[in-house]
Protein chains: 2
Amino acid sequence: MSLLSIGTVAFDALETPYGKTDKIIGGSCTYIALSASFFLPRVNVVAVVGDDFPQSYMDMLQSKNINLEGLQIKNGEKSFFWAGKYHNNMNDRDTLVTELNVLADFQPSVPESYQDCQYLMLGNLTPQVQIDAINGLKNRPKLIVMDTMNFWMNVAMDDLKRVLKMVDVLCINDEEARQLSEQYSLKVAARLIMEMGPKTLIIKKGEHGALLFQEDKMFYCPALPLEDVFDPTGAGDTFVGGFIGYLAKTDDISFENMRKAVVYGSAMASFCVEKFGTERLFEISESELNGRVNEFKELAKF
Amino acid sequence: MSLLSIGTVAFDALETPYGKTDKIIGGSCTYIALSASFFLPRVNVVAVVGDDFPQSYMDMLQSKNINLEGLQIKNGEKSFFWAGKYHNNMNDRDTLVTELNVLADFQPSVPESYQDCQYLMLGNLTPQVQIDAINGLKNRPKLIVMDTMNFWMNVAMDDLKRVLKMVDVLCINDEEARQLSEQYSLKVAARLIMEMGPKTLIIKKGEHGALLFQEDKMFYCPALPLEDVFDPTGAGDTFVGGFIGYLAKTDDISFENMRKAVVYGSAMASFCVEKFGTERLFEISESELNGRVNEFKELAKF
């Protein structure tokens, strides 16, 4: 099944205890599309970059079956840029630079050839842009998954609540779930958030795994304990990209299949953190992924 | 199989966002024995109290098949007393009072009738007392499980390293594992800690579950997301008491059976936090426990 991913394609500059990078390719849509493209013959992208975004990066994405027809290139403008530095524990990070650039007035435009997409992934963006993206589709997709962040809860809660009513799955981290629901218990938080619109909720807990909620059903996928986390950038986007990519591939949105999709997403994320930026996502083989999924099975069985 | 539990029997005064208690029964050995006794016809205790410890508490423990022959009662002395207050998140707490009292010069003495015990649980105590307890047994038990805490890493690391060489399973929390190994990655930490002596390591992560390591094998048992955590006191001891109780009942110390034991320990801990202190542990029925274990199965399956 066809997938449309809307989000940011951008530059990141990263610093971790293992080293640092100059500007490299980043952005929510980049990680989502790279992860989902592992499962699908084509991933359609809607995003915006400036004319500083190199052709070589676009070639890299296209080599992974990522369709850039919906990538707007703004002449005379610069791409979104984020720079961050991770602390030694790799869980906390400081944002050093955020330059919105082209993102400041991004108007998503969905090409005619994408209109048949049955799976829509809304990466972290202004809630109003997420609403515009959904409204830009002639037919409602079979499944809409969205990410967001605490920043939008602080500055655009009304818009965020509107988009929550329009989507099927919300994917946020534990801190965001607590802020959105004003509840500490994640089980209570999940119930309140699902009452806001999304029938299904994923709460990402980083090194502690991920929780999937729907009605009164719960699934807890542990994270694979790793020897080294080299760079956590993009792990959450890689997770949700694998999640929706697996669902689109199998075209089965039952809760039982979503359990498997969470495991595949977790496996993809466990690769992502092994190298800087997107590097590792270009190398994963099918047998490596299957091996990793088997490690999750071994980890969880009793 | 017979189980010997050595640790503290004490008074706790607790304050959580849900309320507060006066002095109630507490102590590592109390929670461990109550949890393990669910699985066994008899749990033998070695501990010390003052003559302020009420007969009614001893009657309560004996009603749950807990054998107090090894409970020393020191005339003219007071029982160990701890008071603590939990923050709103229930993960952090402040210690308000610690009165060692009888614990200051505790010399464990193992009654002759306990000498056949095949399973030994060493609750959190001075490492030297843990060593004395092991040396007080004529025959080495089939399995020795121990708990400890960061305090002993700060003030008695040499003794702690000695006792680590004498035990089979160490059960500590993630913060303690990182301090003991001086490693952030729990997978690397586990390898280094197992090189210090214990062949098997359990890392408790509270609301994030528990990890079990042995050689290159790993098991991650999620914690059941709960609506309310009323009082987390004793949850870690209840967990390890259920773990060793289940192992002693089944008399199977294979890694595969330890996976199940971790689940049973987690299920017992999930009950413990539902009421203040030990209260909930007196009420659990077999069908409730089996129902809770099934919830863990449902939670983890994919």
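See above for the structure.
So, here's what we can say about the structure. (Residues numbered from 1 in each chain as written. Chains lettered and ligands numbered in written order. Predicted model: local features only at pLDDT ≥ 70, side-chain atom pairs only at ≥ 80, totals over all residues. Heavy atoms only, no water.)

Observations regarding the overall build of chain A
- The number of helices and strands found in chain A is ten helices and 14 strands.
- For chain A, the C-alpha radius of gyration of 18 Å lies close to 19 Å, the compact-globule estimate for 302 residues.
- Dimensions along the principal axes, computed over C-alpha positions, put chain A at roughly 55 × 45 × 35 Å.
- Counting across all 302 residues of chain A, residues that qualify as buried make up 61%.
- Intrachain contacts of chain A at a sequence separation of at least 6 include 65% that bridge at least 24 residues.
- When the accessible area of chain A is evaluated, it comes to approximately 11,700 Å², of which 47% is carbon and sulfur surface. (Helix = DSSP H or I, 4+ residues; strand = E, 2+ residues; numbered from the N terminus. Rg over C-alpha atoms; globule rule 2.2 N^0.38 Å. Buried < 20%, exposed > 50% of the residue type's maximum accessible area, 1.4 Å probe, protein only. Contact = heavy atoms within 4.5 Å. Areas by Shrake-Rupley, 256 points an atom, 1.4 Å probe, with all protein chains shown as cover.)

Quick look at the sheet that holds strand S5 (residues 43-50) of chain A
Residues and elements named next belong to chain A.
- Taking strand neighbours across the sheet as the criterion, the nine strands line up as S6-S5-S1-S9-S10-S11-S12-S13-S14 in an open arrangement whose pairing is mixed. Two strands close off the open sheet at either side, each with one partner strand: strand S6 (66-74) and strand S14 (217-221). Direction aside, the axes of adjacent strands within the sheet are offset by 15° on average.
- As paired elements, strand S13 (residues 210-214) and S14 share five bridges and run antiparallel to each other. From the neighbouring strand, Ala-210 faces S14, where its bridge partner is Cys-221.
- On the sheet, helix H9 (residues 255-272) packs against strand S10 (143-147), strand S11 (169-173), strand S12 (200-204), S13 and S14 and is oriented at approximately 20° with respect to S14. (Pairing = 2+ DSSP bridges. Axes fitted to C-alpha atoms, helices over the stretch in contact; angles between N-to-C directions.)

Some remarks on helix H2 (residues 55-63) of chain A
Residues and elements named next belong to chain A.
- Taken together, the buried positions of H2 are Tyr-57, Met-58 and Leu-61. Seen along its axis, H2 keeps its buried residues to an arc of 100°; they face one direction.
- Two residues or fewer past H2, Asn-65 is found with a positive phi of approximately 65°. (Arc of directions from axis to C-beta.)

Describing the relation of the copies chain A and chain B
- For the pair chain A and chain B, the best superposition has an RMSD of 0.0 Å and corresponds to a rotation of 180° with a translation of 0.0 Å parallel to the axis. Expressed as an axis order, the relation between the two copies is that of a two-fold axis. Considering only C-alpha atoms, the part of chain A nearest the rotation axis is His-208 of chain A, at 2.9 Å.
- Both copies share a contact surface, since 100% of the interface residues of chain A are interface residues in chain B too. (Least-squares fit on C-alpha atoms with pLDDT ≥ 70 in both.)

Here we look at helix H8 (residues 235-250) of chain A
Residues and elements named next belong to chain A.
- With 16 residues, H8 should reach 22 Å at 1.5 Å per residue; the first-to-last C-alpha distance of 22 Å fits that figure.
- In terms of residue burial, H8 counts as a mostly covered element, since 13 of its 16 residues are buried.
- Directly after H8, the chain includes Asp-251, whose backbone phi takes a positive value near 50°. (Expected span 1.5 Å × (residues − 1).)

Structural notes on the side chain of Ser-79 of chain B
All names here are of chain B.
- Position of Ser-79 relative to the elements: it lies in the loop between strand S6 (66-74) and strand S7 (81-86).
- A relative accessible area of 1% places Ser-79 in the buried class.
- A distance of 3.0 Å separates the side chain of Ser-79 from the backbone nitrogen of Gly-50, its partner in a polar contact.
- Residues within four places of Ser-79 in sequence aside, it is in contact with Phe-11, Val-49, Gly-50, Asp-52, Phe-53, Glu-99, Asn-101 and Val-102. (Polar contact = N/O pair within 3.5 Å; in protein donor to acceptor, adjacent residues only side chain to side chain.)

Here's the deal with the pairing of strand S1 (residues 3-6) of chain B
All names here are of chain B.
- Here S1 shows a buried face lined by Leu-3 and Ser-5 and a second buried face lined by Leu-4 and Ile-6.
- Strand direction decides the pairing type here: S1 and strand S5 (residues 43-50), joined by four bridges, are parallel. What sits directly across from Ser-5, in S5, is Val-45.
- In this structure, S1 lies alongside strand S9 (residues 119-122), joined through four bridges in parallel fashion. Bridged to Ile-6 within S9 is Leu-122.

Some details on the interface of chain A and chain B
- The interface of chain A with chain B comprises 32 residues on the first partner and 32 residues on the second.
- Applying the counting criterion to the chain A and chain B interface returns eight salt bridges.
- The shortest N-O distance in the salt bridge between Arg-259 of chain B and Glu-298 of chain A comes to 3.1 Å.
- For the interface between chain A and chain B, the tally reads 20 residue pairs in polar contact (both at pLDDT 80 or more).
- Of all the secondary-structure elements, those providing two or more residues to the side of chain A that touches chain B are helix H7 (186-195), S14, H9 and helix H10 (286-300) of chain A.
- Among the elements that make up the side of chain A that touches chain B, the one with the highest residue count is H10 of chain A (five residues). (Salt bridge = Lys/Arg side-chain N within 4 Å of Asp/Glu carboxyl O.)

Some remarks on the packing of aromatic side chains
Residues and elements named next belong to chain A.
- Going through the model one piece at a time under the given rule, you end up with 22 aromatic pairs over all chains.
- A ring pair is formed by Phe-38 and Phe-39, whose centres lie 5.7 Å apart and whose planes are at 70°; its orientation type is edge-to-face.
- Assessed through its relative accessible area of 26%, Phe-38 is described here as partly exposed.
- Here the aromatic cluster, defined as three or more aromatic residues joined through ring pairs, consists of Phe-38, Phe-39, Tyr-246 and Tyr-264.
- Lys-217 extends its terminal NZ or CZ atom over the ring of Phe-255, reaching a point 5.4 Å from the ring centre. (Phe/Tyr/Trp six-rings, centres within 6.5 Å; stacked < 30°, edge-to-face > 60°. Lys NZ or Arg CZ within 6 Å of the ring centre and 35° of its normal.)

Quick word on the packing of H8 of chain A against H9 of chain A
Residues and elements named next belong to chain A.
- The contact between H8 and H9 brings their axes to 7 Å, and the two run at 140°. Considered as vectors, H8 and H9 are oriented oblique to each other. With respect to the hand of their crossing, H8 and H9 are arranged in right-handed fashion. Each of Ala-235, Thr-238, Phe-239, Gly-242, Phe-243, Tyr-246, Leu-247 and Thr-250 in H8 lies in contact with H9, whose residues at this interface are Asn-257, Met-258, Lys-260, Ala-261, Val-262, Tyr-264, Gly-265, Ser-266, Met-268, Ala-269 and Cys-272. (Parallel < 35°, antiparallel > 145°, perpendicular 65-115°, else oblique. Left-handed = near helix turned anticlockwise from the far one by under 90°.)

Thoughts on the sheet that holds S9 of chain B
All names here are of chain B.
- A sheet is described by the order of its strands in space; here nine strands give the open sequence S6-S5-S1-S9-S10-S11-S12-S13-S14, paired in mixed fashion. The sheet is open, and its two borders are formed by S6 and strand S14 (217-221), each paired with just one other strand. In this sheet, neighbouring strand axes are inclined to one another by 15° on average, regardless of whether the strands run parallel or antiparallel.
- Taken together, the three bridges between strand S10 (residues 143-147) and strand S11 (residues 169-173) define a ladder with parallel strand orientation. Paired with Asp-147 across the bridge in S11 is Cys-171.
- The sheet strands contacting helix H9 (residues 255-272) are S10, S11, strand S12 (200-204), strand S13 (210-214) and S14, and the helix crosses S14 at an angle near 20°.

Concerning the environment of Asn-44 of chain A
Residue and element names in this part refer to chain A.
- With respect to the helices and strands, the residue Asn-44 is situated in strand S5.
- Along the backbone, Asn-44 and Thr-98 are 54 residues apart, and their C-alpha atoms lie at a distance of 26 Å.
- Polar contacts involving the side chain of Asn-44 include one to the side chain of Arg-42, which spans 3.2 Å.

So, to be careful, I would describe these as geometric facts and stop short of saying anything about function.
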